[in-house]
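Structure at a glance
Spelled out, the chains give:
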Amino acid sequence: MGDKKKQKLTPQQQQYQQLEQKHELKRPVVKNCIKAFFVGGIICLIGQAVTYFYIYFFNFTEQTAGNPTVATMIFFSMILTGLGVYDHIGQFAGAGSAVPVTGFGNSVISAAIEHRTEGFVLGVGGNMFKLAGTVILFGVFSAFIVALVKTLLTMMGVL
């Protein structure tokens, strides 16, 4: 299919494509992966420190410290997004800043900030969960399916 497109191009278009390919910047994939790995790891390290904070100072267990840790990390990312810091982290680290739960907080608050001029209801409220809404929807749906399967397996005596 690509050969047919080249045949239909005029000589001037082919010359332009060759010039474009010659000047196209090569992406530093390995470097970007390393940056994403380390920044994502640092974010997770901070999350682990928050978990230990809740365990040590508030007598949570490892199982019960997860929810306040997630809420705290989302809160941190929302504050950093509001201050404009998280955007710089995201540009530097790419997916390393988007994959942890902090990326969820960033996506929610970014949409809210972007649409604040449209008002609180139609602007902030209507657009805040456009990106994050799918994450919430599929998270709740998959949790429901897993709970349903576990319940059925328990009722059948398998678990």
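Being a predicted model, the structure only gives us computed values, none of them experimental.

**Comments concerning unusual backbone geometry**
Negative phi values dominate among residues other than glycine, just as trans dominates among peptide bonds. Backbone geometry places Asn59, a non-glycine residue, at a positive phi of 55°. Within the secondary structure, Asn59 is located in the loop between helix 3 (29-58) and helix 4 (66-82). With a relative accessible area of 70%, Asn59 lands in the exposed category.

**Considering the packing of helix 4 against helix 7 (residues 101-114)**
Look at helix 4 against helix 7: their axes get within 8 Å of each other, and the N-to-C directions meet at 45°. Between helix 4 and helix 7, the angle falls in the class oblique. Along this stretch, helix 4 crosses helix 7, giving a crossing that reads as right-handed. Contacts from Val70, Met73, Ile74, Ser77, Met78, Thr81 and Gly82 in helix 4 reach Val101, Thr102, Phe104, Gly105, Asn106, Val108, Ile109, Ser110 and Ile113 in helix 7. Across the contact of helix 4 with helix 7, the residue classes tally to 9 nonpolar, 7 polar and no charged.

**Points about the packing of helix 3 against helix 5 (residues 85-93)**
It is at 8 Å that the axes of helix 3 and helix 5 come closest, and there the two elements cross at 140°. On the basis of their axis angle, the class for helix 3 and helix 5 is oblique. Two secondary-structure elements touch here, helix 3 through Lys35, Ala36, Val39 and Ile43 and helix 5 through Tyr86, Ile89, Phe92 and Ala93. A per-class count over the contact of helix 3 with helix 5 returns 7 nonpolar, no polar and 1 charged.

**Remarks on the packing of aromatic side chains**
Counted under the stated rule, the structure contains 7 aromatic pairs. On the basis of an interplanar angle of 70° and a centroid distance of 5.7 Å, the ring pair of Phe53 and Tyr54 is categorised as edge-to-face. Between the aromatic rings of Phe53 and Phe57, the centroid separation amounts to 5.0 Å while the plane-to-plane angle is 50°, which identifies the pairing as tilted. Here Phe53 and its partner Phe57 are both found in helix 3, 4 residues apart, which amounts to about one turn of the helix. Aromatic ring contacts, followed pair by pair, group Phe53, Tyr54, Tyr56, Phe57, Phe58 and Phe60 into a single cluster.

**Regarding helix 4**
Helix length check: helix 4 (17 residues) gives 24 Å between terminal C-alpha atoms against 24 Å at 1.5 Å per residue, within 8%. Buried within helix 4 are the following residues: Pro68, Thr69, Thr72, Met73, Ile74, Ser77 and Thr81. In this structure, the buried side of helix 4 is in contact with helix 3, helix 5 and helix 7. Count one or two residues on from helix 4 and you reach Gly84, which has phi positive near 85°.

**What about the environment of Thr102?**
You can see Thr102 is positioned in helix 7. Of the polar contacts made by the side chain of Thr102, one reaches the side chain of Tyr86; its length is 2.7 Å.

**Some points on helix 7**
Across its 14 residues, helix 7 extends 20 Å between first and last C-alpha, which sits within 8% of the 20 Å expected from 1.5 Å per residue. Of all the positions in helix 7, only Thr102, Gly103, Gly105, Asn106, Ser107, Val108, Ala111 and Ala112 are classed as buried. Tucked into the core, helix 7 has its buried residues touching helix 3, helix 4, helix 5, helix 6 (95-98), helix 8 (120-127) and helix 9 (132-155).

Reading the values: the criteria
Residues numbered from 1 in each chain as written. Predicted model: local features only at pLDDT ≥ 70, side-chain atom pairs only at ≥ 80, totals over all residues. Heavy atoms only, no water. Helix = DSSP H or I, 4+ residues; strand = E, 2+ residues; numbered from the N terminus. Buried < 20%, exposed > 50% of the residue type's maximum accessible area, 1.4 Å probe, protein only. Axes fitted to C-alpha atoms, helices over the stretch in contact; angles between N-to-C directions. Parallel < 35°, antiparallel > 145°, perpendicular 65-115°, else oblique. Left-handed = near helix turned anticlockwise from the far one by under 90°. Contact = heavy atoms within 4.5 Å. Nonpolar A, V, L, I, M, F, W, Y, C, P; charged D, E, K, R; others polar. Phe/Tyr/Trp six-rings, centres within 6.5 Å; stacked < 30°, edge-to-face > 60°. Expected span 1.5 Å × (residues − 1). Polar contact = N/O pair within 3.5 Å; in protein donor to acceptor, adjacent residues only side chain to side chain.

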